[in-house]
Amino acid sequence: MDERMPALYLGHGAPPLLDDPVWSGQLAAWAADLPRPQAILIVSAHWESAPVMLSASHAPLVYDFGGFAPRYYRMTYQTPDASALARRVAAMMPAAEPVHQHPGRGLDHGAWVPLKIMYPDADIPVLQMSLPTQDPTRLLALGERLRPLRDEGVLIIGSGFLTHGLPFLREFRIDAEAPGWSVDFDAWAGDALARGDVDALASYADRAPGMPYAHPTVEHYTPLFVTLGAATDSEEPGEQVIDGFWMGLSKRSLQVA
């Protein structure tokens, strides 16, 4: 690779994202502007497990959602073998933090839904890594360990949702008005990202408006820190490629160099 791949933090949405022409168009356009990855390493909010676990190539997709149209449960996304990347990732982890290769877990919807839009031909190897902690400091360190992969053509993605207060939503329409807590958290995070203020972002529990409604659980927010850790300089402001709201939740997404 002559060009270092960026690292991304993106909102992934539920399966109906696949039918939203606005957001899916934004994701497709974003992917078209990126250098073509040799492989993709993605950390999703929907696989929390320690020690670090890695997905299995050619395993069935994980349909970790309920109440949607039957056709979403028949979707496939069969990508090339990623075992070489899995071995490379395992070798990058400290000896005291062994990596477990899961024998039968495929990609969950936090991985395959956005990737099905961004790389619809499914012709790039994809490896999913579990989210081993919610501690921003440890996730920054994890991203930093993974950073060299970017020079090897690997696109590193943290997949979550910048606000995710599902229990507090009152309308479930794509164009629903965003609640105040979602608007406030989104504005605060957007400002902190624009300033490269990683300390503020890591102190979200005490400093961010809209908490705990924006994140009653934080697994959709914390993949951001894997992305920031993988940045060349975690305090250099990245490019906020997508903003706005979907079902009242912030879809703000970031690219770092």
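Residues numbered from 1 in each chain as written. Predicted model: local features only at pLDDT ≥ 70, side-chain atom pairs only at ≥ 80, totals over all residues. Heavy atoms only, no water.

A. The arrangement of the overall build of the chain in detail. A tally of regular secondary structure across the chain gives eight helices and ten strands. A compact globule built from 257 residues should have a C-alpha radius of gyration of about 18 Å, and the chain, at 17 Å, falls within 12% of that. When the backbone C-alpha atoms are referred to their principal axes, the chain occupies close to 45 × 45 × 35 Å. Approximately 10500 Å² of the chain is accessible, and the part contributed by carbon and sulfur atoms is 52%. Of the charged side chains in the chain, 18 are positive and 31 negative; the average position of the first set lies 5 Å away from that of the second. (Helix = DSSP H or I, 4+ residues; strand = E, 2+ residues; numbered from the N terminus. Rg over C-alpha atoms; globule rule 2.2 N^0.38 Å. Areas by Shrake-Rupley, 256 points an atom, 1.4 Å probe, with all protein chains shown as cover. Lys, Arg positive; Asp, Glu negative; His and termini not counted. Charge placed at Lys NZ, Arg CZ, Asp CG, Glu CD.)

B. Spatial organisation of helix α4 (residues 136-146). Buried residues of α4: Pro136, Leu139, Leu140, Leu142, Gly143 and Leu146, and no others. Here the buried residues of α4 occupy an arc of 160° about the axis, which is enough to place them on one side. At the N-terminal end of α4, a side-chain oxygen is found 3.0 Å from the backbone nitrogen of threonine 137, two or three residues along, and the residue is aspartate 135. (Buried < 20%, exposed > 50% of the residue type's maximum accessible area, 1.4 Å probe, protein only. Arc of directions from axis to C-beta. Polar contact = N/O pair within 3.5 Å; in protein donor to acceptor, adjacent residues only side chain to side chain.)

C. Molecular detail of the layout of surface pockets. One number sums up the size of the largest pocket: a volume of about 250 Å³. If you trace the largest pocket, you find 18 residues lining it, with Gly13, Ala14, Phe68, His164 and Leu166 closest to the centre. Of the residues contributing to the lining of the largest pocket, the split by class is eleven nonpolar, six polar and one charged. (1 Å grid on protein atoms, 1.4 Å probe; cavity = no way out; pocket = protein on both sides within 12 Å on 5 of 7 lines; lining within 4 Å. Points joined across faces, edges and corners; volume = space filled by probe spheres on them. Nonpolar A, V, L, I, M, F, W, Y, C, P; charged D, E, K, R; others polar.)

D. Structural view of the pattern of salt bridges. According to the stated counting rule, one finds eleven salt bridges in the structure shown. Two residues, arginine 71 and aspartate 19, come together in a salt bridge whose shortest N-O distance is 2.4 Å. Taken together, the residues span a long stretch of sequence, with arginine 71 in the loop between β3 (53-54) and α2 (83-92) and aspartate 19 in the loop between β1 (7-11) and α1 (21-33) at a distance of 52 residues. Residue arginine 71 is classed as partly exposed on the basis of its relative accessible area, which comes to 37%. Note on aspartate 19: relative accessible area 42%, which makes it partly exposed. (Salt bridge = Lys/Arg side-chain N within 4 Å of Asp/Glu carboxyl O.)

E. Spatial organisation of the environment of methionine 92. For methionine 92, the location among the structural elements is in helix α2. For the pair formed by methionine 92 and glycine 67, sequence separation is 25 residues and the distance between their alpha carbons is 39 Å. If sequence neighbours within four positions are ignored, methionine 92 has contacts with Arg145, Leu146, Pro148 and Leu149. (Contact = heavy atoms within 4.5 Å.)

F. Spotlight on empty space enclosed by the protein. Scanning the model with the defined rule gives one cavity of 30 Å³ or more in all. The volume enclosed by the largest cavity comes to roughly 40 Å³. Every residue lining the largest cavity is counted, 13 residues in all, and those nearest its centre are Leu193, Gly196, Leu228, Ser234 and Glu236. Only α5 (180-195), α6 (198-202) and β10 (253-256) provide two or more residues apiece to the lining of the largest cavity. Grouping the amino acids of the lining of the largest cavity by side-chain chemistry returns eight nonpolar, three polar and two charged.

G. Expanded view of the packing of aromatic side chains. Throughout the structure, instances matching the rule amount to 15 aromatic pairs. Summarising the aromatic geometry, the rings of phenylalanine 168 and tyrosine 213 are spaced 4.9 Å apart at their centres and angled 80° between planes, so their arrangement reads as edge-to-face. Taken together, the residues span a long stretch of sequence, with phenylalanine 168 in the loop between β6 (154-160) and α5 and tyrosine 213 in the loop between α7 (204-207) and α8 (223-230) at a distance of 45 residues. When the centroid spacing of 5.5 Å and the interplanar angle of 55° are considered together, the rings of phenylalanine 185 and tryptophan 188 count as tilted. Of this pair, phenylalanine 185 and tryptophan 188 both sit in helix α5, three residues apart, roughly one helical turn. For the residue pair phenylalanine 185 and tryptophan 188, the accessibility class agrees, reading buried in each case. The structure contains a cluster of three or more aromatic residues connected by ring pairs, namely Tyr63, Phe65, Phe68, Tyr72, Tyr73 and Trp112. Above the face of the tyrosine 72 ring, arginine 71 is positioned so that its terminal group lies 4.5 Å from the ring centre. A cation sits over an aromatic face here: arginine 105 above tryptophan 47, 4.1 Å from the ring centre. (Phe/Tyr/Trp six-rings, centres within 6.5 Å; stacked < 30°, edge-to-face > 60°. Lys NZ or Arg CZ within 6 Å of the ring centre and 35° of its normal.)

H. Structural view of unusual backbone geometry. At the junction of alanine 50 and proline 51, the peptide bond is cis and its omega measures out at 0° in the coordinates. Summarising the element assignment, proline 51 is placed in the loop between β2 (39-48) and β3. The amide bond that connects methionine 211 to the next residue, proline 212, takes the cis arrangement and shows omega of 0°. Structurally, proline 212 can be placed in the loop between α7 and α8. Positive phi, close to 60°, is recorded for methionine 247, a residue that is not glycine. With respect to the element layout, methionine 247 can be found in the loop between β8 (245-246) and β9 (249-250). Judged by relative accessible area, which is 17%, methionine 247 ranks as buried.

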